[in-house]
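Listed below are the residues making up each chain.
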Amino acid sequence: MADYFDFFFKSKCSQMAAEICRLIGSPRLKVLYDIYHMQINESCICDTITNYGDQFGHIHVADAPGRHEPGTGEINYKTQLMYLMAHYLH
């Protein structure tokens, strides 16, 4: 499977998705946050979790590069977990 970088939201994916969810205001509409893709596309995972974690409904986890298990790449999952616990798991 390939990574696609030319899609509708392009950069600011998390921000646009979260703002659309907030604007609609339905408890049934949430963001599926993919840590692997956001590391590649935005590279500011802690900031997006802080700003938009309240809009996440589901989170996909894989390390970058290579989409392998957490702890095998460049993403610091201990830090990500702290941010998720503070802003998503409330």
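Residues numbered from 1 in each chain as written. Predicted model: local features only at pLDDT ≥ 70, side-chain atom pairs only at ≥ 80, totals over all residues. Heavy atoms only, no water.

Draft legend 1. Region of the structure containing helix 3 (residues 45–52). Considered for burial, the residues of helix 3 that qualify are Ile45, Cys46, Thr48, Ile49 and Tyr52. With its buried residues spanning 165° around the axis, helix 3 presents them on a single face. Each element contacted by the buried residues of helix 3 is listed here: helix 1 (13–24), strand 1 (31–34), helix 2 (35–41), strand 2 (56–60) and helix 4 (77–87). (Buried < 20%, exposed > 50% of the residue type's maximum accessible area, 1.4 Å probe, protein only. Helix = DSSP H or I, 4+ residues; strand = E, 2+ residues; numbered from the N terminus. Arc of directions from axis to C-beta. Contact = heavy atoms within 4.5 Å.)

Draft legend 2. Highlighting the packing of aromatic side chains. Summed over all chains, the structure comprises two aromatic pairs. Pairing Tyr33 with Phe56 gives two aromatic rings, centres 4.2 Å apart and planes at 15°, and the pair type is stacked. Of this pair, Tyr33 sits in strand 1 while Phe56 sits in strand 2; the two residues are 23 residues apart in sequence, bridging distant segments of the chain. Comparing Tyr33 with Phe56 shows no difference in burial state: the two are buried. Their ring planes at 45° and their centres at 6.3 Å tell us that Phe56 and Tyr88 sit as a pair that is tilted. Placement of Phe56 in strand 2 and of Tyr88 in the segment after helix 4 is noted, with a sequence separation of 32 residues between them. Of the residues examined, Phe56 reaches a relative accessible area of 5% and is grouped as buried. The class for Tyr88 is partly exposed, based on a relative accessible area of 21%. Of the aromatic side chains, those joined through ring pairs into one cluster are Tyr33, Phe56 and Tyr88. (Phe/Tyr/Trp six-rings, centres within 6.5 Å; stacked < 30°, edge-to-face > 60°.)

Draft legend 3. Here's a closer look at the environment of His37. Note that His37 resides in helix 2. Counting along the chain gives 25 residues from His37 to Ala62, while the straight-line C-alpha distance between them is 8.8 Å. At a separation of 3.0 Å, a polar atom in the side chain of His37 contacts the side chain of Asp34. Separated by 3.0 Å, the side chains of His37 and Arg67 make a polar contact. (Polar contact = N/O pair within 3.5 Å; in protein donor to acceptor, adjacent residues only side chain to side chain.)

Draft legend 4. Highlighting the state of the cysteines. What the rule picks out here adds up to zero disulfides. With no disulfide of its own, Cys46 lies 9.1 Å from the sulfur of Cys44, the closest cysteine sulfur. Taking relative accessible area as the criterion, Cys46 reaches 18% and is therefore assigned buried. (Disulfide = S-S within 2.5 Å.)

Draft legend 5. Summary view of the confidence of the model for the protein. The predicted model of the protein averages 86 in pLDDT, with 86% of residues at 70 or higher. Per-element confidence in the protein is highest for strand 2, whose mean pLDDT is 94, and lowest for helix 2, whose mean pLDDT is 88. (pLDDT = per-residue confidence, 0-100.)

Draft legend 6. Main features of the environment of Tyr52. Within the element layout of this structure, Tyr52 appears in helix 3. By relative accessible area, which is 12% here, Tyr52 ends up buried. With 35 residues separating them in the primary sequence, Tyr52 and Ala17 have C-alpha atoms 9.0 Å apart. With near-sequence residues (within four places) excluded, Tyr52 lies in contact with Ser14, Gln15, Ala18, Glu19 and Arg22.

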